[in-house]
Structure formats: C-alpha cells, structure tokens
Amino acid sequence: MDLHYLLHASIPSWSSVVVLLSFFVYLGFAGSLLPGKVIPGAILPDGTRLHYRCNGLFSLLLLVALLGIGVSAKLISPTVIADRGLELLSATFGFSVLVTLGLYTAGCKSRAQGSSLKPHVTGNLIHDWWFGVQLNPHFMGVDLKFFFVRAGMLGWLLINLSVLAKSVQDGSMSQSMILYQLFCAFYILDYFFYEEYMTSTWDIIAERLGFMLVFGDLVWIPFTFSIQGWWLLRNNVELPKAAAIANCLVFLVGYRVFRGANKQKHVFKKNPKAPIWGMPPKVIGGKLLASGYWGVARHCNYLGDLLLALSFSLPCGASSPVPYIYPIYLLILLIWRERRDESRCAEKYKEVWVEYCKLVPWRILPYVY
C-alpha cells in the first residue's frame, strides 16, 4: 500500500458524500421526531436551562433495522463503509472544517449583534477556532453538541458493523474480532441506554463547540476508536485462553467503574440525599460529592474510561502499537481535561474545592496519580 494509493483512495467520491449526508439527515430527523425522554440539562452560566430529547437508543435501533432492510433488498452493501473507509474519513474531515467555520462565523456575528447566546470570544483566532465561540449553539432547534456526540457514537457502531461484515465476507473472522466487536457494541448500546447521563458531563455543560469537539465527535470517535477493528481485519490474532479471560476482566472492571461513577454523579445532581453504596452521601460544602467512586478519586470515571479503551485494544495482542493509539490518545486527552476541570472547579468552588482535594488527594488512579 503506497502513498499514491492512499492519496487516491482518500479522495471523496459522490457516493461517500451521499452516505455521509444521508447519515446526518437521518440523525437530524430521528433526533427531532422520534419519541424519547426529555431531560433538563445543567443550568448554564447565563442562568438558562436547555432540555434534551434522549431518543438515541431508539434512533440507533431504527437505523440498524432500516440498514438491515436495505441490505436484504440489496439496496446497500453491508461493507460499504469498510470498502470506502478512507473516502469517508476525508469527507468527514472536510465536513468538520466547514461546520467549524460556520460555527465560528455565526458566533462572531451573534456577539456583534448582542445575541442572548452570549458567545465567548477571546479575540484569539486560533483559540476560538479550536475551542469554539459558543457554549450551546443550535441549528433548526437541534443542540449541535448533543447531535455531534450522538453522530460519533452511532458512526463508530456502523463502522464496526461494516468491518465485521467485511471480515465475514473475507473469511477472516477471529476470536479477537468477536471480543472487540462485543465489547464495543455493549459500550455503545449502554451509552445510548444511559444517554441522559451525558447531559451532565463536561462536554455538554462546560466545553464550547469548536474544531476540537466537532473533529473529535465526527472524525476521531468513529474512525480512531474503530482502529482496532480495521487492524484485526488485516491481521490474524489468536489470543490464549488466559489472555482472553483477562481481557474480559479488564472490560468488566472498566465498565463497572465508568458507569458506576457517572451514575452516582448524575443521581447526586438530581437528589443530593440519595444513598451511595447503601449509605448517606458525604458532601463537602453542600456541593461536592465525596462518597462512592468520588471518594476514591476526583475523576474516577476517567479511570473506568481508560480501562475500557484498553480492553478494546487488548484483543489485538502486543505485536503492534497501532491498535493502542486510542487508549494512548485518551490517556493524554483525559489528563489534559482533568487539569482544565480542576482549574475550573478551583475557581468555581474556591475553599470548598481545597477541602475536597485534601479529603480525596488522588486525581484519577489512587496511589499513583
């Protein structure tokens, strides 16, 4: 596979553009029209509160059903994404750049007009392009941050399903591919089952929507998170039974910590008196939860996320660092995000945060970091 082939294969065709746009159009209509629980979001800095229709699981199941009908009727190939991966990657990247340009222009315009959206413009072009200008931009009534996160997670599942179909077609199905697919499918389905928990995460309540989030949600999540599947499609790996069992344990522990920590935080925000692990919660200054996972480490949910990312890569064995790009990237991202979150919390909670840090000294991994 030479450079000339890669460049040629990366040029988006009209077919890849149609596939991409059809996906976004479906998500737009499904997110707005399908029934779902409406969840009030966190109170924003300007005192307003957004509401989110959490119908992601319904949207996912309907999309998979429609694609299944299309495949059965031979209207679409199940391997279309696996066959056009580079095309779709470059098309999605181009779309991300266009969306970011539109967001930056709209944010600057609304600021000039004194819009109630209150964009946060620093005057630094690179900073505002990267982090974004607006906190919660909308388009035709759709919250774009919530939309793009959903698009990334659904895109990840569709890529994996296409890679799975390609491995079946090529006769290269392996135990490692099955493990990877099962772990990812469970994680993605679980994400949409608990989609309302997303409304209280850093991405939604604190991160502005710029190239970092748009690129991360539309390109990095679906294409980089699926890198293990692409790698297994071209490399045969047979894990020893002990390694496969250990891999399953890493996944289960990671899931337990990740889901448990996020659930405790979400429940605490709705009901600060709800029991944690069967006992009344310990709260610092009436604001910060210091019980359960949040009494173990200040960002224990990040530890669970990192263990899950590692479990997605372990089926690929240790013969190449390529499948481990995702957990390595996530480690760097979460440490960077944890530092930014700590700075924001120190400014917001002041002496209450200092007291919490004394009580819970560990940031992510107890006795290590």
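Residues numbered from 1 in each chain as written. Predicted model: local features only at pLDDT ≥ 70, side-chain atom pairs only at ≥ 80, totals over all residues. Heavy atoms only, no water.

Draft legend 1. Up close: the pattern of salt bridges. Applying the stated criterion across every chain yields a total of 11 salt bridges. Residue Glu196 pairs with Lys270 through a salt bridge whose shortest N-O separation is 4.0 Å. Taken together, the residues Glu196 in the loop between helix H8 (175-193) and helix H9 (202-205) and Lys270 in helix H12 (residues 241-270) connect sequence positions 74 residues apart. By sharing partners, the salt bridges in this structure join Arg298, Glu338, Arg339, Glu342 and Arg363 into a single network. (Salt bridge = Lys/Arg side-chain N within 4 Å of Asp/Glu carboxyl O. Helix = DSSP H or I, 4+ residues; strand = E, 2+ residues; numbered from the N terminus.)

Draft legend 2. Molecular detail of the environment of Asp341. Tracing the backbone through its elements, the reader meets Asp341 in helix H14 (residues 325-349). For the pair Asp341 and Ala206, spaced 135 residues apart in sequence, the C-alpha separation works out to 9.1 Å. With sequence-adjacent residues up to four places away left out, Asp341 is seen in contact with Trp202 and His299. (Contact = heavy atoms within 4.5 Å.)

Draft legend 3. Looking closely at the pairing of strand S2 (residues 49-54). Where burial is concerned, the two faces of S2 differ: the one with Leu50, Tyr52 and Cys54 is buried and the one with Arg49, His51 and Arg53 is not. Where strand S1 (residues 37-43) and S2 come together, five bridges link them in antiparallel fashion. Considered in S2, the bridge of Lys37 is made with Cys54. (Buried < 20%, exposed > 50% of the residue type's maximum accessible area, 1.4 Å probe, protein only. Pairing = 2+ DSSP bridges.)

Draft legend 4. Layout of the packing of helix H3 (residues 56-72) against helix H7 (residues 144-170). The contact between H3 and H7 brings their axes to 11 Å, and the two run at 35°. In the packing of H3 onto H7, the handedness of the crossing is right-handed. Two secondary-structure elements touch here, H3 through Gly56, Ser59, Leu60, Leu63, Val64 and Leu67 and H7 through Arg150, Leu154, Leu157 and Leu158. Counted by class, the contact of H3 with H7 contains seven nonpolar, two polar and one charged residues. (Axes fitted to C-alpha atoms, helices over the stretch in contact; angles between N-to-C directions. Left-handed = near helix turned anticlockwise from the far one by under 90°. Nonpolar A, V, L, I, M, F, W, Y, C, P; charged D, E, K, R; others polar.)

Draft legend 5. How the structure looks around the nonpolar core. One finds Phe23, Phe148, Met153, Trp156, Tyr187, Ile188 and Phe312 to be the most contacted residues of the largest nonpolar core, which totals 74 residues. Considering each element in turn, this core owes the most residues, 13 residues, to H7. Of the residues that make up this core, three or more belong to each of domain 1 (11-238) and domain 2 (239-368). When sequence neighbours within four positions are dropped, the list of residues in contact with Met153 reads Tyr187, Ile188, Tyr191, Phe192 and Ile221. (Core = buried A, V, L, I, M, F, W, Y, C linked by side-chain atoms within 4.5 Å. Domains from an automatic or database assignment.)

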